[in-house]
Amino acid sequence: MTSSHKFRSGLLIASLSLPLISCGGGGGGESATPAPAGPIAVTVSAAAGTPEARLACFKGVVTPECNLRMYQVMVEAFADGDASANYGTGYGSSTHRGDLKGITDALDYIKGTGVNALWLTPIFESVEKSSQDDWADRLDATGYFASNYFKVDPKFGTSAQFKTLVDEAHARGLYVFLDGVFGHYKDNLVVSPTSKLPKNGNCTNLQGGTYAPGANQACADYSDPATLAFFQEVVTHWITTYKIDGWRLDQAYQVPVAQWATLRQTVATASASVSYTNGTGATVQPLGHMVGELWAGEADIQARGYGTAGSPGLPSAFDFPGRYRLVQTLAGEEAQATSQKANLPASNLAGTYDTYAAYPDHAMPNLMLTNHDLVRFGDLIQRAGLGNPDQDIYWQRHKAAFAYMAAHSGPVTLYYGDEIGQEVANFAGQVTSNCAVQGLCDDHVSRTTGKVANLSARETDLKTHVATLMGLRDTNPALAAGSRTHVYSDANVYIDRKDAGSNRVLFVMNTSTREAKVTLKASAIGSPGNLTDLGDNSLVVPGADGYVITVPAMAGRFLKF
């Protein structure tokens with residue numbers, strides 16, 4: 001989403017009205033105090049269901065796109081590496097001194113989280129207008145309303161610094177994605193190097209309706225061929241000049257699906273025309289991937305993003321329906337405190353995959369926990385009254401969330417700071433008064449200063465855990481690209497089987513604050529013998545009653561057949 005609180009007010013109404021289906025039961029907030037002693041006993045004897053293998057990343061074949069493990073960085077907030085490149089103002093609680101050099105300096109840290117791709121929020125230049133106020137200055141800092149799509153914003157750094165960032169990321173085996181804002185821009189937009197300029201029009205909302213842009217803002221009219229030609233030049237420039245690997249696409253619903261199809265081909269053509277050396281020393285071409293942001297339910301994501309099998313649009317979109325189910329189950333969603341949409345049963349997670357029925361076969365839903373418009377997971381845990389950073393349960397809930405993400409077929413995205421449990425102190429309550437000035441609006445609060453050094457013991461432990469999980473995804477194709485068979489779920493336990501050829505993994509998750517002992521009949525998973533825990537290599541040997549699998553509170557286990 002864009003970062004203007006005023007501009008987005010109309011969009012938020014549509015965005016937050018998406019259907020968030022939840023299972024009955026399990027409602028209400030849970031105390032962070034220890035639960036009564038004694039494990040939860042679960043017996044699973046039914047045969048497994050039919051494997052789901054329709055979508056692009058459920059076929060058991062690992063592709064670079066399915067195996068993407070992206071790390072999102074908010075450029076103006078993340079890290080200050082160049083004293084001469086600063087905005088000094090913006091939305092959120094950071095110092096607003098972030099720049100490209102700071103990100104380059106942090107690449108080893110980023111690589112150490114286990115990711116293989118870096119997504120930067122927009123780095124295009126935003127030119128100050130003589131009449132603009134502080135709110136426009138803050139919006140400029142986000143980059144989401146560009147004045148020049150062909151120039152690095154000098155308040156983020158130089159073109160040479162960006163080239164160094166891309167080259168250094170590639171040398172570490174990291175793909176690089178830019179944020180493509182192709183539906184709206186600042187009203188002082190400059191022409192392209194070949195003197196192209198898009199046609200201005202009204203802005204498009206999630207339902208396909210239109211509204212007038214705000215002050216200093218303009219939206220693209222794709223009914224005019226000049227608009228598409230302009231943005232074709234944009235995507236080609238950044239791929240051929242800097243060899244970026246693709247685009248995250250802001251408010252993707254503002255671009256018609258047919259135009260996304262054309263831009264997708266343009267990206268593919270540009271990517272095939274250049275190459276670079278990656279972290280293994282191999283010569284490769286840029287990935288040429290595109291992932292859209294449509295803050296909506298599955299019907300809108302399909303209609304205005306993916307398109308259909310016959311008229312395809314984007315190859316990937318962020319999985320907002322799945323993300324909401326994840327935070328509802330292990331914390332609470334933004335709009336609620338201790339309500340029915342917090343601490344929901346484990347079976348709520350199964351609904352994530354139900355939404356995929358709306359998508360065409362080429363779809364690659366990208367699951368995330370947070371982004372720059374959402375409240376950090378740690379703050380949601382606290383808001384729902386489910387734990388605080390000084391309690392073990394706070395960190396256990398993070399580990400459980402990342403375990404679920406690790407078991408997801410398809411790309412995943414980590415938001416900077418979530419891998420160390422970052423939160424904003426005392427932000428548990430809903431902030432409603434003057435929140436933008438305080439940097440504490442729900443859609444601004446996660447834009448904190450990044451932390452890449454001097455981690456606490458708990459932060460280090462969580463980061464190590466995340467890196468281990470991302471490593472499991474990389475070495476077990478069943479996790480990133482396997483067909484999924486849902487074995488069982490109830491209020492506390494969730495079980496999936498993932499298959500990619502001979503690589504077969506059973507994911508068993510316990511969302512309760514008590515240990516769970518799961519008795520699993522061998523017939524329920526068709527297992528030929530022992531199960532090996534991918535975390536510690538311990539064996540689970542079948543007995544007369546089947547497998548007895550012990551899962552600690554708020555934890556997931558990955559068991560290889």
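What counts, and where the lines are drawn
- Residues numbered from 1 in each chain as written.
- Predicted model: local features only at pLDDT ≥ 70, side-chain atom pairs only at ≥ 80, totals over all residues.
- Heavy atoms only, no water.
- Helix = DSSP H or I, 4+ residues; strand = E, 2+ residues; numbered from the N terminus.
- Rg over C-alpha atoms; globule rule 2.2 N^0.38 Å.
- Buried < 20%, exposed > 50% of the residue type's maximum accessible area, 1.4 Å probe, protein only.
- Contact = heavy atoms within 4.5 Å.
- Lys, Arg positive; Asp, Glu negative; His and termini not counted.
- Charge placed at Lys NZ, Arg CZ, Asp CG, Glu CD.
- Disulfide = S-S within 2.5 Å.
- Expected span 1.5 Å × (residues − 1).
- Pairing = 2+ DSSP bridges.
- Axes fitted to C-alpha atoms, helices over the stretch in contact; angles between N-to-C directions.
- pLDDT = per-residue confidence, 0-100.
- Salt bridge = Lys/Arg side-chain N within 4 Å of Asp/Glu carboxyl O.
- Core = buried A, V, L, I, M, F, W, Y, C linked by side-chain atoms within 4.5 Å.
- Phe/Tyr/Trp six-rings, centres within 6.5 Å; stacked < 30°, edge-to-face > 60°.
- Lys NZ or Arg CZ within 6 Å of the ring centre and 35° of its normal.

1. Some remarks on the overall build of the chain
Within the chain, the regular secondary structure consists of 15 helices and 26 strands. Relative to its length of 561 residues, the chain is compact, with a C-alpha radius of gyration of 23 Å against a globular reference of 24 Å. Seen through its C-alpha atoms, the chain measures out along the principal axes to roughly 75 × 50 × 45 Å. The burial tally for the chain puts 60% of its 561 residues in the buried class. Long-range pairs, those at least 24 residues apart, make up 77% of the contacts in the chain with a sequence separation of at least 6. The positive charge centre, built from 42 side chains, and the negative charge centre, built from 52, are 4 Å apart in the chain.

2. Notes on the state of the cysteines
For the structure on display, the rule yields three disulfides. Between the sulfur atoms of C57 and its disulfide mate C66 the distance is 2.1 Å. One disulfide, between C57 and C66, carries an S-S torsion of -90° and so falls in the left-handed class. Given a relative accessible area of 1%, C57 falls into the buried group. A relative accessible area of 2% places C66 in the buried class. The disulfide partner of C203 is C219, and the gap between their sulfur atoms is 2.0 Å. Disulfide C203-C219: torsion about the S-S bond near 85°, hence right-handed. Of this pair, C203 sits in strand 9 (residues 203-204) while C219 is found in strand 11 (residues 217-220), placing the two residues 16 residues apart along the sequence.

3. A look at helix 7 (residues 257-272)
Along its 16 residues, helix 7 runs 23 Å from first to last C-alpha, staying within 8% of the 22 Å computed at 1.5 Å per residue. For helix 7, the elements touching its buried residues are helix 6 (225-242), strand 12 (246-249), strand 15 (289-292) and helix 8 (298-306).

4. Section: the sheet that holds strand 25 (residues 547-551)
Spatial ordering of the open sheet is given by 1-22-25, a layout of three strands whose pairing is mixed. Of all the strands in the sheet, just strand 1 (40-44) and strand 25 have a single pairing partner and so form its edges. For this sheet the average axis-to-axis angle between neighbouring strands, irrespective of direction, equals 20°. Bridge count for strand 22 (residues 516-520) against strand 25 is five bridges, and the pairing is antiparallel. Paired with A516 across the two strands is V551, which belongs to strand 25.

5. As for the pairing of strand 12
What you see with strand 12 is no split at all: G246 and R248 on one side and W247 and L249 on the other are buried throughout. Strand direction decides the pairing type here: strand 6 (residues 175-180) and strand 12, joined by four bridges, are parallel. Directly across from L178, in strand 12, lies its bridge partner W247. Where strand 12 lies against strand 15, four bridges are found, and the strand directions are parallel. Within the sheet, the bridge partner assigned to R248 lies in strand 15 and is V291.

6. Thoughts on the sheet that holds strand 19 (residues 483-489)
Whenever strands of a sheet pair, they do so through backbone hydrogen bonds, lying parallel or antiparallel. Taken in spatial order, the six strands make up an open sheet running 19-20-21-26-23-24, and their pairing is antiparallel. For this open sheet the edge positions go to strand 19 and strand 24 (539-540), each flanked by a neighbour on one side alone.

7. Considering the confidence of the model for the chain
Should pLDDT be low for a region, the predicted coordinates there are not to be read in detail. When pLDDT is averaged along the chain, the result is 91; 93% of the residues meet or exceed 70. Confidence over residues 2-35 falls short of pLDDT 50; this stretch has 96 contacts with residues more than four positions distant or in other chains.

8. Digging into the pattern of salt bridges
Close approach of charged atoms allows side chains with opposite charge to pair. For the coordinates displayed, the defined rule picks out 27 salt bridges. E125 serves as the salt-bridge partner of K151, at 3.5 Å between the closest nitrogen and oxygen. Residue K151 is located in strand 5 (residues 148-152), and its partner E125 is located in strand 4 (residues 124-125); the two are separated by 26 residues in the primary sequence. Look at E125 and you get buried, because its relative accessible area is 13%. Here E233 and K196 are joined by a salt bridge, their closest N and O atoms 3.5 Å apart. Within this pair, whereas E233 is found in helix 6, its partner K196 is found in the loop between strand 7 (184-186) and strand 8 (200-201), the two being separated by 37 residues in sequence. The structure contains a network of salt bridges with shared partners spanning D179, R248, D250 and E293.

9. Thoughts on the environment of T210
In this fold, T210 is placed in strand 10 (residues 210-211). In this structure the C-alpha to C-alpha distance between T210 and F177, which are 33 residues apart in sequence, comes to 29 Å. In this view, T210 contacts N202, C203 and T204; residues no more than four positions away in its chain are not counted.

10. Some words on the nonpolar core
I110, L120, Y149, F162, F182, W238 and W247 are the most contacted members of the largest nonpolar core, which has 130 residues in total. When residues no more than four places from it in sequence are discounted, the contact partners of I110 are Y71, V73, F78, I103, V115, L118 and L174. Core analysis: the next-biggest nonpolar cluster, separate from the first, contains 21 residues, V508, V518, L531 and F561 among them.

11. A few points about the packing of aromatic side chains
Per the stated rule, a full pass over the model turns up 29 aromatic pairs. Residues F162 and Y242 carry aromatic rings whose centres are separated by 5.0 Å and whose planes lie at 70° to one another, so their mutual orientation is edge-to-face. Here the residue F162 occupies a position in helix 5 (residues 159-171), and Y242 occupies one in helix 6, the gap between them amounting to 80 residues. Looking at F162, the relative accessible area reads 0%, which means it is buried. One Lys or Arg, K463, reaches over the ring of Y109 and ends 4.8 Å from the middle of that ring.

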